[in-house]
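Results of the structural survey
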Amino acid sequence: MSDATPLVFDGHNDVLLKLFRAGGPSKAGAFLSGRDGAIDLPMATRGGFGGGFFAVYVPSPTDLEFKFQEMTKDVYDLPLPEEIEWEDAMPVVASQVAILFELERIGALTVCRSASDIRTALTQKKIAAIFHIEGAEGIDADLHMLDVLYAAGLRSIGPVWSRPTIFGHGVPFRYPATPDTGDGLTDHGIRLVKRCNALSIMVDLSHLNEAGFWDVARHSDAPLVATHSNVHAICPHTRNLTDDQLRAIAESDGMVGLNFAVAFLRADGKMQSDVPIHQMLRHLDHLLEILGEDRVGLGSDYDGAVVPEDLTTVAELPTLRQAMAEHGYDDTLIKKLCHENWLRVLETTWGS
């Protein structure tokens, strides 16, 4: 196995948010030449990053310095941001979608609408991008915008980020705590899940509270997928999944992508980057034990989180592959973890 193979197809990144904050579609060219962030084309080439879920996310007004400081404490409980109205969210969504398609126009990536699209892009060494929405603030109650965005290429959606929407309730950033933090899906949320099933849009469980998770499990006929979540039994943070949730995902033939965010990896829940890679392997071992070898992958949260200091960008992904091999994972399992399991669950969910 060479250092940059097998290619990594990843469950979550926030490149579009970073480019939005840098100035919008006019800044897309930095992805080709090199940018101040975790993912760009030169770094992807060096690290064997083949693509993943490119999230469209509407940020809340947040005091990041306060948030980061609180998350270095032994115990913390950050308040949920306020709900964002559709009228305020939609221009941000439109701008980030425009960035995604500008990246495609300049040859930085290929927007993929099927598993076969992803396979073709990986074979051609092009970055394969899934148009994903994290937090459905840009979707109206009548779901008209869902249909519009699906026509544009949307293939995956998380009904919530860690704040309320008209569809459900996100978990707060709270440690130590369980993900059982409030009510489940609203009536709008149940309709959203059923409409996503009808369109074969993947529903992402990351950031949903536990009640919302079980509502999706009840009402969805698709595999249960958490694109970027970790193990609650190792790190008792609200953002992580309990063993009961993991067993439900396994029973649905679903998928979990390992989140690189340090606060969800460390046993102490702190946002501090001195996390050894063997702590990531502890989470992977636990996920593999419950989910099996075909239902675990990577969901880095690059460009959206503080990550381990040895894996600050996709250029360092060979370090993770090497650690997997030294840990005893064979080439077949490493390939599954890097991209094959994502292709399997997407093929099942999308039907192609």
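So, how was this worked out
Residues numbered from 1 in each chain as written. Predicted model: local features only at pLDDT ≥ 70, side-chain atom pairs only at ≥ 80, totals over all residues. Heavy atoms only, no water. Helix = DSSP H or I, 4+ residues; strand = E, 2+ residues; numbered from the N terminus. Rg over C-alpha atoms; globule rule 2.2 N^0.38 Å. Buried < 20%, exposed > 50% of the residue type's maximum accessible area, 1.4 Å probe, protein only. Contact = heavy atoms within 4.5 Å. Phe/Tyr/Trp six-rings, centres within 6.5 Å; stacked < 30°, edge-to-face > 60°. Lys NZ or Arg CZ within 6 Å of the ring centre and 35° of its normal. Pairing = 2+ DSSP bridges. Axes fitted to C-alpha atoms, helices over the stretch in contact; angles between N-to-C directions. Disulfide = S-S within 2.5 Å. Polar contact = N/O pair within 3.5 Å; in protein donor to acceptor, adjacent residues only side chain to side chain. Core = buried A, V, L, I, M, F, W, Y, C linked by side-chain atoms within 4.5 Å.

**Observations regarding the overall build of the protein chain**
- Counting its regular elements, the protein chain contains 13 helices and 11 strands.
- For 352 residues, the compact-globule estimate of 2.2 N^0.38 gives 20 Å, and the protein chain sits close to it at 18 Å.
- When the backbone C-alpha atoms are referred to their principal axes, the protein chain occupies close to 50 × 45 × 40 Å.
- Within the span of the protein chain, comprising 352 residues, buried residues form 60% of the whole.
- Pairs at least 24 residues apart make up 75% of the contacts formed inside the protein chain by residues separated by at least 6 positions.

**Structural notes on the environment of Ser 273**
- With respect to the helices and strands, the residue Ser 273 is situated in the loop between strand S10 (255–258) and helix H11 (277–291).
- Take Ser 273: its relative accessible area is 28%, and that puts it in the partly exposed class.
- Between the C-alpha atom of Ser 273 and that of Ala 261, which follows or precedes it by 12 residues, the distance is 8.7 Å.
- Among all residues touching Ser 273, those that are not within four sequence positions of it are Val 262, Val 306, Val 307, Pro 308 and Glu 309.

**As for the packing of aromatic side chains**
- Per the stated rule, a full pass over the model turns up 9 aromatic pairs.
- Taking the centre distance of 5.9 Å and the plane angle of 55 degrees together, the rings of Trp 161 and Phe 173 count as tilted. Within this pair, whereas Trp 161 is found in the loop between strand S6 (154–158) and strand S7 (174–175), its partner Phe 173 is found in the loop between S6 and S7, the two being separated by 12 residues in sequence.
- Taking the centre distance of 4.9 Å and the plane angle of 80 degrees together, the rings of Phe 213 and Trp 214 count as edge-to-face.
- Within the aromatic cluster, the residues linked to one another by ring pairs are Tyr 57, Trp 161, Phe 173 and Phe 264.
- It is Lys 67 that lies over the ring of Phe 173; its NZ or CZ is 4.3 Å from the centre.
- One cation-aromatic arrangement involves Arg 239 over Phe 264; the distance from NZ or CZ to the ring centre is 5.0 Å.

**Quick look at the sheet that holds strand S9 (residues 225–226)**
- As summarised here, the arrangement of the 3 strands in space is S9-S10-S11, forming an open sheet in which the pairing is parallel. Of all the strands in the sheet, the pair left with one neighbour each is S9 and strand S11 (296–298).
- Sheet topology places S10 next to S11; 3 bridges connect them, and they run parallel. Following the sheet pairing, Val 256 is matched in S11 by Val 296.
- Along the sheet, H11 contacts S10 and S11; its crossing angle with S10, the most-contacted strand, is approximately 175 degrees.
- Running over the sheet, helix H13 (residues 331–350) touches S9, S10 and S11 and is turned about 115 degrees from S11.

**Observations regarding the state of the cysteines**
- The final tally for this structure, using the stated rule, is 0 disulfides.
- You can see Cys 112 has no disulfide; the closest cysteine sulfur is in Cys 338, sitting 18 Å from it.
- The exposure class assigned to Cys 112 is buried, which follows from its relative accessible area of 0%.

**Details of the environment of Ser 220**
- Inspection of the secondary structure assignment puts Ser 220 in the loop between helix H9 (210–219) and S9.
- A polar side-chain atom of Ser 220 sits 3.2 Å from a polar atom in the side chain of Asn 197.
- For Ser 220, the side chain forms a polar contact with the main-chain nitrogen of Ala 222, separated by 3.1 Å.

**Re the nonpolar core**
- One finds Leu 103, Ile 139, Leu 146, Phe 260, Tyr 302, Met 324 and Tyr 329 to be the most contacted residues of the largest nonpolar core, which totals 103 residues.
- Looking at this core element by element, the count peaks at 8 residues for helix H5 (residues 86–105).
- What Ile 139 contacts, discounting residues up to four positions off in sequence, is Trp 86, Ile 133, Met 145, Leu 146, Leu 149, Ile 157, Ile 166 and Phe 167.
- By size, the runner-up hydrophobic cluster in this structure holds 17 residues, among which are Leu 7, Phe 53, Leu 343 and Trp 350.

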